[in-house]
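# Analysis of the macromolecular model
Below are the chains, spelled out letter by letter.
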Amino acid sequence: MWGQNSSFFRFCNLYLYREQLQEEQSATERDTTNDVWNYVVFVSFVVISALLPIRKRLCRRSTNSKSKQDYVFGAGHISTLAMMLSIARGTLGVISVLGYPSEFFYRGSAMWESLYGVITAYPIVCFVFIPVYFDLGITSVYQYLELRFNSRLVRCLASGTYILRTLLSLGVTIYTPTVALNTIIGVPYWVSLLSITLISIFFNALGGLKAAVAADVIQSLSMTAMLVGIIIYCSITVGGVDQIFTISSENDRFAFFNFAADLHLRVTTTSAWLGELFNSLSLLGCQQNFVQRYLSMPTFGQIRRTLMWNIPVVILLFSLPWFVGMAIYAIYWHCDPLKASVIAKMDEILPYFMLDRFESVPGVWGIFVGTLFNGALTLNISNINSLATVTWEDFLSLIPALRQKSEKHQLNVIKLVGTIYAVLIMGVGFIVGLLSGVIESSMLIISATSGPLLGVFVLAMFIPFANWKGAVIGMIASHLSILWIVVGRLIESTVSDTLLDTSIEGCYAELMEAQKNASLLVVALEEGVDAIETSNLLNRIYSITYMYYGVFGTVLTVLAGIVVSLATWSSHDQYNMKMLHPAVRWLYSRCPFSGKHFGSFEVTTKETAPKC
């Protein structure tokens with residue numbers, strides 16, 4: 001009897017085992033098929049979206065070579081809608097797709113309020129910055145500084161600041177999709193970085209501003225569609241949009257309207273608004289890749305419409321990733337993948353969600369990874385174009401041997417410079433992972449470099465007695481001061497990076513053991529941070545939130561510039577008064593000290609404006 005039962009049980013076990021093997025084999029085949037589809041979708045998406053903007057260039061005969069003016073400003077008409085999407089896309093970048101959802105999941109909504117600063121910056125740039133240099137007929141925005149201060153040194157310092165900031169920011173940008181590729185399909189970081197760099201070099205040689213704008217439009221639309229799709233899926237999964245808000249609210253993810261005066265809090269409403277305002281003014285009003293887009297439009301009226309109509313577009317594109325963060329938190333609020341040691345970095349939360357929820361759906365994560373990859377690629381190409389243009393106009397054109405070359409030869413030099421920058425950006429991308437997340441890295445870089453650049457433009461436009469000596473000393477003093485604080489912050493252990501509480505109560509049982517070890521490490525690290533004395537003055541300075549770096553840098557540049565200019569002004573510092581803002585010229589002519597002629601040149605027209 002037992003023998004029969006034993007044989008029967010062995011037969012049943014064997015049958016069940018064979019069924020299990022067949023199911024596993026079938027699942028493996030399905031996974032392989034899905035992987036093939038995802039790879040096909042990924043490659044197709046990147047290739048098609050990258051080739052569309054330069055399709056005319058690829059079909060153009062070699063005799064119709066692109067001119068330097070075409071490469072820089074985009075010969076032909078670029079529609080207002082396309083320019084709006086391009087400017088909005090450049091403001092936000094691909095970093096937001098990964099960074100903002102993880103920021104909300106692990107730190108809450110405080111950084112979301114930086115949107116206030118972005119919105120405030122648009123009308124200021126439109127009605128304060130653009131009117132000053134729109135009619136000057138310049139190629140590089142930093143040419144304006146030379147015209148205002150009669151100094152090539154000021155122009156080179158500003159150009160160098162822009163180049164440094166852009167190189168560092170693009171390093172963060174091209175690093176962003178490598179996180180998704182490594183998380184989802186295990187592609188090494190160096191392979192992704194090298195691929196983006198090589199493709200950027202190729203398309204930089206064929207493209208130009210018009211191609212960059214078209215690529216930005218494609219990327220903006222695809223990114224928006226992907227984010228909306230994620231929000232819809234999560235809403236259906238958790239039981240509605242209201243449930244998403246409820247879960248986030250009950251777990252303290254909303255942190256709006258915190259006006260605390262403590263400068264050491266990572267982000268408050270005040271620091272988010274004020275810090276992002278200064279950063280956005282520096283980006284939108286003083287950075288080549290944005291001004292290059294403004295100057296490509298034929299009239300100031302079109303620029304004004306583009307910038308003002310762009311505000312709701314920016315609100316939408318800026319807020320979508322935050323809504324995605326809310327939606328993903330509603331899915332994983334009871335089972336944090338980072339705390340459960342399923343992912344290694346907080347920026348991997350969105351790629352993990354895509355893999356966890358859509359692994360069995362052919363092509364979904366292929367589109368997701370393709371969007372990130374193509375986003376970094378197009379932004380890299382667009383900014384390489386601007387970097388190369390600035391380097392030529394502000395540095396290389398000074399070399400007589402190059403300046404006397406034909407336009408075709410000059411264009412080849414600009415493209416070669418773009419290739420060199422692409423390689424340097426790849427090098428920066430390799431070290432970005434040392435900082436705490438892509439949002440942290442991006443905000444730190446932008447804040448640290450925004451102040452000196454914005455400050456020198458404020459001196460040029462609004463301070464009638466500012467001279468080149470004040471501008472140079474102000475920028476150098478600001479750079480050195482902010483650099484000192486940033487270095488101190490990076491090496492100072494008292495700067496903690498605390499995250500909001502998360503739960504793993506809803507995780508699978510097999511993940512609990514791994515969490516125990518991870519939680520012990522987290523507790524030990526937190527105890528170590530709390531035990532360090534933070535009353536030291538230098539420690540207090542280093543731990544000031546980086547959100548204020550742009551504010552401090554701007555104020556320091558302006559104050560130092562004013563003091564030095566008043567002390568060193570001479571008749572050799574006279575300039576064309578047209579370089580001042582029209583409102584400042586009007587006020588200055590009615591002030592008691594207007595008798596002192598800081599500017600004695602006649603106001604010139606666009607045709608007779610002095611050139612470099």
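A few points on the structure. (Residues numbered from 1 in each chain as written. Predicted model: local features only at pLDDT ≥ 70, side-chain atom pairs only at ≥ 80, totals over all residues. Heavy atoms only, no water.)

When helices and strands are counted, the protein shows 24 helices and zero strands. A burial count over the protein gives 54% of its 612 residues as buried. Put simply, the protein shows about 26500 Å² of open surface, and 66% of that area lies on carbon and sulfur atoms. (Helix = DSSP H or I, 4+ residues; strand = E, 2+ residues; numbered from the N terminus. Buried < 20%, exposed > 50% of the residue type's maximum accessible area, 1.4 Å probe, protein only. Areas by Shrake-Rupley, 256 points an atom, 1.4 Å probe, with all protein chains shown as cover.)

With 153 residues, the main nonpolar core has Y133, Y144, Y294 and F457 as its most contacted residues. Take this core: its biggest share by element is 17 residues, from helix 14 (residues 300–332). Leave out the neighbours within four places in its chain, and F457 touches F129, Y133, V141, Y142, Y144, L145 and C286. (Core = buried A, V, L, I, M, F, W, Y, C linked by side-chain atoms within 4.5 Å. Contact = heavy atoms within 4.5 Å.)

Attention now moves to helix 12 (residues 269–286). For helix 12, with 18 residues, the first-to-last C-alpha span of 25 Å sits near the 26 Å given by 1.5 Å per residue. For helix 12, a buried count of 15 out of 18 residues is recorded, marking the element as mostly surrounded by other parts of the structure. (Expected span 1.5 Å × (residues − 1).)

The subject of this paragraph is the state of the cysteines. Across all of its chains, the model carries one disulfide by this definition. The disulfide that involves C335 links it to C507, with 2.0 Å between the sulfurs. Residues C335 and C507 share a disulfide whose torsion about the S-S bond is about 110°; that sign makes it right-handed. Taken together, the positions of C335 in the loop between helix 14 and helix 15 (349–358) and C507 in the loop between helix 20 (468–491) and helix 21 (509–530) put the pair 172 residues apart, joining distant regions of the chain. Residues C335 and C507 agree in their burial class; the two are buried. (Disulfide = S-S within 2.5 Å.)

Quick look at the packing of aromatic side chains now. For the coordinates displayed, the defined rule picks out 23 aromatic pairs. Considering the side-chain rings of F254 and F256, the 6.0 Å spacing of their centres and the 20° angle between planes classify their relative orientation as stacked. Pairwise contacts between aromatic rings join Y100, F104, W112, F245, F254, F256, F257, F318, W322 and F323 into one cluster. Of note, R148 hangs over the ring of Y575, and the distance from its end group to the ring centre comes to 3.7 Å. (Phe/Tyr/Trp six-rings, centres within 6.5 Å; stacked < 30°, edge-to-face > 60°. Lys NZ or Arg CZ within 6 Å of the ring centre and 35° of its normal.)

So, on to helix 14. The terminal C-alpha atoms of helix 14 lie 48 Å apart, and with 33 residues this matches the ideal 48 Å at 1.5 Å per residue to within 8%. Roughly 40° is the biggest bend found in helix 14, and it falls at I311, with proline P312 one to four residues downstream. With 24 of its 33 residues buried, helix 14 lies for the most part within the structure. (Bend = angle between axes of the 7 residues up to and from the residue.)

This next bit is on the side chain of R165. Its location among the elements puts R165 in helix 8 (residues 152–185). Of the side chains bearing the opposite charge, E276 lies closest to the buried R165, which forms no salt bridge; the N-O distance is 9.5 Å. The residues contacting R165, other than those within four sequence positions of it, are S282, L283, Q287, I445, I446, T449, S450 and L453. (Lys, Arg positive; Asp, Glu negative; His and termini not counted. Salt bridge = Lys/Arg side-chain N within 4 Å of Asp/Glu carboxyl O.)

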